[in-house]
Amino acid sequence: MSTIAAPTPKVKNAQPKDYNSPLFAELGLPSDPNNLYRQTVGCMLYGAEVMGLPNYLQQILAQPKNEIMVHFPVKMDDGRFQLFKGYRVQHNNALGPYKGGLRFHPDVHLDDVKSLAFLMTMKCSLVGVPYGGGKGGIKVDPRKHSKGEMERIVRRFTSAIAHNVGPEYDIPAPDVGSNSQHMAWIADTYTFLSEIGGSNPTAVVTGKPVEYGGSLGREKATGQGVVDTLVEMLPELNLRPDQCTFSVLGYGNVGSWSGKIFQDKGAKMIAVADHTGFIKNDKGIDAHDLAKYVDQHGGVKGYTKAGAITKEEFYRTKVDVFIPAALEQMVQETEAAWLDCKVVAEGANAPTTPAGERVLQGRGIEVLPAILCNAGGVTVSYFEWVQNKTFQSWELEKVDSLLNKHMLGAAARTRAARKKYNCELRTAAYIAALERLQKAYEFRGIFP
Ligand code: GLU
């Protein structure tokens, strides 16, 4: 148990450490304050309370519409069969088809997927794309399988969920552990299984390789969105992107692209951590060079142009901006008390726990919340889907400038909610997302 007392937050409407909405008991939702679903939905329900969202909408949004779980056997290279578990959770489709990534990780379980699906509904609403929220995954460690085994796992999973996804119904994409090759196998399997009419069945999934229906700019899109958000928000904190120092937690797709793009704006990367180790160089770590090293070696460990440090030293490294771009719940009370930064830009989904966030608030550290900061990925997924459905391919400049417009629009809506309700940015981002959903529900009504 942590011994750190959460200081009194500086913002009037700061969210509580554990928001205990009456809905949790009413709907039989998890009572453990460390449960990710309770934490993420709790933050939204707190925003709902602050803005006075009607109770029936709170109830609808506190639970996913569908939770699909599949088990499927796959033949391994040595001829034996192994059984795998896969998920697809469809949280809400009031604003459009379900949309969200597929996580391939050995620790994937239902509560995570539910939380991540819920976050997608909020993210899509905030950033203004016509989608609802979904998320899925396979309980698998992609690093432990050959390319052939992964192909059979992904194709068999696709056939197991094929009746529950579709270009107008539910559109998966990459997430932690999955990549454009996996999306290509999904698109090809779905195309093979579907009856080809006038539409383009490869639009069932986004984040595909550019050569096979993908969009220019999709691979870097989440990192690009993180940096677009920083460039927009830093001046109000009296920080200039070209004079910032920063550290990154997780150097996969989101971490490495955030690092490279932020560095190209003139910022200096001082420390990086991932599942293999922690490294630091006060003179700066070249983000492009490190990305090449990680591609070849699987992690930052052993990178000779920076020194190895401990976990605590990594978090205590003095920087202007800290970018958590790994898994959920990595910034808890202890890490929040260690951090020596001015801004936390959440590249990952739900990297900060409510208790951790309260410590950050008390210390005057600004948090750019994930549903705003990492919405770039799904935004460019939307552009890919539009290109697929209209048989176009856009230039990178068009993708980047439209992405920037969506990110700035989301930032403006978040700021407006912060001003209206005098709350911190996470609550404001949820309120801005909820405002759009509320309007849609009011126009739609409830059938019948
Ligand atoms: N997995 C990404 C996310 O969490 C992207 C989802 C998408 O492109 O649909 O936002």
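See the structure above.
Everything quoted here is computed from the prediction, not taken from an experiment. (Residues numbered from 1 in each chain as written. Predicted model: local features only at pLDDT ≥ 70, side-chain atom pairs only at ≥ 80, totals over all residues. Heavy atoms only, no water.)

## Some details on the overall build of the protein chain
- Scanning the protein chain from terminus to terminus reveals 16 helices and twelve strands.
- Seen along its three principal axes, the alpha-carbon backbone of the protein chain occupies a region of about 60 × 55 × 45 Å.
- The proportion of buried residues among the 448 residues of the protein chain is 58%.
- Across the protein chain, the fraction of contacts at a sequence separation of at least 24, relative to all contacts at a separation of at least 6, is 70%. (Helix = DSSP H or I, 4+ residues; strand = E, 2+ residues; numbered from the N terminus. Buried < 20%, exposed > 50% of the residue type's maximum accessible area, 1.4 Å probe, protein only. Contact = heavy atoms within 4.5 Å.)

## Brief notes about the packing of helix 4 (residues 110–127) against helix 16 (residues 425–444)
- At a minimum axis separation of 8 Å, helix 4 and helix 16 run at an interaxial angle of 80 degrees. Classified by the angle their axes make, helix 4 and helix 16 are roughly perpendicular. Where helix 4 approaches helix 16, its residues Phe118, Leu119, Thr121, Met122, Cys124, Ser125 and Leu126 are matched on the opposing element by Ala429, Tyr430, Ala432, Ala433, Leu434, Arg436 and Leu437. (Axes fitted to C-alpha atoms, helices over the stretch in contact; angles between N-to-C directions. Parallel < 35°, antiparallel > 145°, perpendicular 65-115°, else oblique.)

## Notes on the nonpolar core
- If you look at the biggest cluster of nonpolar residues, it comprises 95 residues, and the most contacted ones within it are Met122, Leu230, Tyr251, Phe262, Leu290 and Val321.
- Tallying contributions element by element places helix 16 first for this core, with eleven residues.
- Sequence-distant contacts of Leu290, defined by excluding residues within four places in its chain, comprise Tyr251, Met269, Val272, Ile279, Ile285, Val300 and Tyr303.
- Within the second largest apolar cluster, 23 residues are counted, among which are Val70, Leu102, Ile161 and Tyr190. (Core = buried A, V, L, I, M, F, W, Y, C linked by side-chain atoms within 4.5 Å.)

## Topic: the pairing of strand 10 (residues 321–324)
- The alternating pattern of strand 10 places Val321 and Ile323 on one face and Phe322 and Pro324 on the opposite face, and all of these are buried.
- Bridge count between strand 6 (residues 245–249) and strand 10: four bridges; the pairing is parallel. When the bridges of strand 10 are listed, Phe246 appears paired with Val321.
- In this sheet, strand 11 (residues 343–345) lies alongside strand 10 in parallel orientation, the contact comprising two bridges. (Pairing = 2+ DSSP bridges.)

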